[in-house]
Amino acid sequence: MDQRPRSRVALLATLSELHVQPVAYDLACLRRILADLAPDLVCAEVTREDWERGDLSRAGVELRGALAPVVASTDIVLVPVAPSPERFKDFNPPPGWRARLARFFDRLLLWGQRLANRPEAVNGLLFETFCHTLCSLTELSWSAEERALWEAQNEGMVQNILEAVRRDPGRRVLVVVQCQRVGKVEPLLRRHADLLEIVDHREL
Amino acid sequence: MALLRELPGLDARELGGGPPPDVVLWDADAGPPQVGELLENYPGVGLIVIAARLPPLEALEYLQRGVKGCVPKSEGAQALSLAVREVARGETFLPANLAVQVLRLMGDAPSTTEGASPGFKGLTDRERQLLSLLSQGLSNKAIAARLYLSVRTVEGRLLSLYRKLGVHSRTEAALLALRMEASRQNQ
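The notes below deal with the structure included here. (Residues numbered from 1 in each chain as written. Chains lettered and ligands numbered in written order. Predicted model: local features only at pLDDT ≥ 70, side-chain atom pairs only at ≥ 80, totals over all residues. Heavy atoms only, no water.)

### A word on the nonpolar core
Consideration 1: Judged by nonpolar contacts, the single largest core of 61 residues is most densely connected at Leu189(A), Leu131(B) and Leu165(B).
Consideration 2: Here this core takes seven residues from helix α7 (residues 144-167) of chain A, the largest share from any one element.
Consideration 3: Residues Leu56(A), Ala68(A), Val70(A) and Ile76(A) belong to the second largest nonpolar core, which totals 24 residues. (Core = buried A, V, L, I, M, F, W, Y, C linked by side-chain atoms within 4.5 Å. Buried < 20%, exposed > 50% of the residue type's maximum accessible area, 1.4 Å probe, protein only. Helix = DSSP H or I, 4+ residues; strand = E, 2+ residues; numbered from the N terminus.)

Structure below.
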């Protein structure tokens, strides 16, 4: 029987560049949350290659402006878990009515994004439900190929998170991903209750 | 001081009244008080020296007098933040490149670690990797970041490594690794 301790894992959703519009996002709040939580490990949405090269140009603004600076000056270790650099905004529907529908959902999300401009609001139930619904509808407007790529990327990310947990079991792990992924990543992580326990980030 | 106050999780103050500090930072370029006076007035507190220039021999002399960390000003705020955290934990801190130069200086001096450690041959690949990173002068945080492990896990594995090698500190372990490497190259 495996006697390794379970890791406590919390997911923290960030806004990043929701679709094509970068929006002012209070990164000072995110820096404070990370410094206060002081997890042992933070799993972040950047590829290992980019992170080890020091190239954060393809990573989200929250990594460049909040995660990386806090990690550099504390004992928190960043584990890059993105299998590839694409983000939600890089997946696009084919031209025509699907593209128009996706743009409509974009505008709705932008509206919601402007209201939820702090980590606490982004991780609240209201925005989470709103974002998850609109993202699911947007995904339906993509081609089957794009949906498969998105699913594969999320599965790859979960595998990298699990690898981090297996490598260093029993630690406090904060997974910071763009909000569009949470609805995909969290259910996949929950299947591994032998390895980890999902908790709210405030209880990490 | 302004720089220190911006670093997360640290309570930075001028020396003077108030509760005793965990770590004292002394700017060697700013003049008195001197190292001896600080070590006498704050026994048991980790003293870190910062200076514009810190040649390896000078850093070694500071360490031999009881200073716990030496950080050239050119290393920047992040190195300083790491130094404060490591020294507060009881570790000695030197930036990686300075640590290697100091270790090589120490390796030229007679030492109680002379002779191969019997535990060296029994090291696993992971332990050899850890020892290699240690001998490059990397801090616990730098080792953890390289291996994608938590700092706590690295600390635990290092303690286990010291026991296996029959040494009592990272400096002794690093010296042993450097000597083993040197003797391998001489063969």
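### Things to note about the interface of chain A and chain B
Consideration 1: Listed per partner, the contact involves 19 residues of chain A and 18 residues of chain B.
Consideration 2: Interface area, chain A with chain B, both sides summed: about 1,600 Å², of which 50% is carbon and sulfur.
Consideration 3: Contact with chain B buries surface across chain A, with Ser73(A), Asp75(A) and Val77(A) losing the most and accounting together for 35% of the total.
Consideration 4: Where chain A packs against chain B, one counts one salt bridge.
Consideration 5: Arg152(B) is the salt-bridge partner of Asp40(A), the closest N and O atoms lying 3.1 Å from each other.
Consideration 6: Our count for the contact surface shared by chain A and chain B stands at 12 residue pairs in polar contact (both at pLDDT 80 or more). (Contact = heavy atoms within 4.5 Å. Buried area = accessible area lost by both parts, 1.4 Å probe. Salt bridge = Lys/Arg side-chain N within 4 Å of Asp/Glu carboxyl O. Polar contact = N/O pair within 3.5 Å; in protein donor to acceptor, adjacent residues only side chain to side chain.)

### A look at the sheet that holds strand β5 (residues 196-199) of chain A
All names here are of chain A.
Consideration 1: Strand order in this open sheet of five strands is β3-β2-β4-β1-β5, and the pairing throughout is parallel. One side of each edge strand has no neighbouring strand; the edge strands of this open sheet are β3 (77-80) and β5. Averaged over all pairs of adjacent strands, the angle between their axes in this sheet comes to 30°, without regard to strand direction. (Pairing = 2+ DSSP bridges. Axes fitted to C-alpha atoms, helices over the stretch in contact; angles between N-to-C directions.)

### Topic: the environment of Pro20(B)
Consideration 1: Position of Pro20(B) among the secondary structure elements: in the loop between α1 (2-6) and β1 (23-27).
Consideration 2: Considered as a pair, Pro20(B) and Tyr42(B) are 22 residues apart in the sequence and their alpha carbons are 8.0 Å apart.

### Here we look at the pattern of salt bridges
Close approach of charged atoms lets side chains of opposite charge pair.
Residues and elements named next belong to chain A.
Consideration 1: Under the definition given, this model contains 18 salt bridges over all chains.
Consideration 2: We note a salt bridge from Lys184 to Glu151, for which the minimum N-O separation is 3.0 Å. A residue pair is termed long-range when its members are at least 10 positions apart, and Lys184 in helix α8 (residues 179-190) and Glu151 in helix α7 qualify at 33 residues.
Consideration 3: With relative accessibility at 22%, the residue Lys184 sits in the partly exposed group.

### Quick look at the sheet that holds strand β3 (residues 69-72) of chain B
All names here are of chain B.
Consideration 1: Strand order in the open sheet formed by three strands is β1-β2-β3, with parallel pairing between adjacent strands. With one partner strand each, in any of the chains shown, β1 and β3 form the two edges of the open sheet. Strand-to-strand twist across the sheet, computed as the mean angle between neighbouring axes with direction ignored, equals 20°.
Consideration 2: Relative to strand β2 (residues 46-51), β1 runs parallel, the two being bridged by five bridges. By the bridge assignment for β2, Leu25 is matched with Ile48.

### Remarks on the packing of aromatic side chains
Aromatic ring pairs: the centre-centre distance and the angle between the two ring planes describe each pair.
Residues and elements named next belong to chain A.
Consideration 1: Overall, the coordinates contain six aromatic pairs over all chains when judged by the stated rule.
Consideration 2: Considering the side-chain rings of Phe104 and Phe105, the 5.9 Å spacing of their centres and the 50° angle between planes classify their relative orientation as tilted.
Consideration 3: Take Phe105: its relative accessible area is 8%, and that puts it in the buried class.
Consideration 4: The interplanar angle of 70° and the centroid separation of 5.9 Å between the aromatic rings of Trp111 and Phe130 together place this pair among those described as edge-to-face. Here Trp111, found in helix α4 (residues 97-115), pairs with Phe130, found in helix α6 (residues 125-141); they are 19 residues apart in sequence, far enough to count as distant.
Consideration 5: Using a relative accessible area of 52% as the deciding quantity, one classes Trp111 as exposed.
Consideration 6: Owing to a relative accessible area of 24%, Phe130 belongs among the partly exposed residues under this scheme.
Consideration 7: In textbook terms, an aromatic cluster arises when at least three aromatic residues are bridged by ring pairs, as seen for Phe91, Trp142 and Trp150. (Phe/Tyr/Trp six-rings, centres within 6.5 Å; stacked < 30°, edge-to-face > 60°.)

### Things to note about the side chain of Glu45(A)
All names here are of chain A.
Consideration 1: Positionally, Glu45 belongs in the loop between β2 (41-44) and α2 (48-53).
Consideration 2: According to the relative accessible area criterion, Glu45 is buried, its value standing at 7%.
Consideration 3: Only 2.5 Å separates the side chain of Glu45 from the side chain of Gln178, close enough to count as a polar contact.
Consideration 4: Among the polar contacts listed, one links the side chain of Glu45 to the side chain of Arg181, at a separation of 2.9 Å.
Consideration 5: Sequence-distant contacts of Glu45, defined by excluding residues within four places in its chain, comprise Ala59, Ala82, Arg87, Met157, Val176, Val177, Gln178 and Arg181.

### Quick notes on the packing of helix α7 (residues 140-147) of chain B against helix α8 (residues 151-165) of chain B
For any two helices packed against each other, one specifies the crossing angle of their axes together with the interaxial distance.
Residues and elements named next belong to chain B.
Consideration 1: Two elements in contact, α7 and α8, have axes whose closest approach is 9 Å; the angle formed by their N-to-C orientations is 110°. One way to sum up the angle between α7 and α8 is to call them roughly perpendicular. Between α7 and α8, the contacting residues are Asn140, Lys141, Ile143 and Ala144 on the first element and Val151, Val154, Glu155 and Leu158 on the second.
Consideration 2: Class assignment for the residues of the contact of α7 with α8 results in five nonpolar, one polar and two charged. (Parallel < 35°, antiparallel > 145°, perpendicular 65-115°, else oblique. Nonpolar A, V, L, I, M, F, W, Y, C, P; charged D, E, K, R; others polar.)

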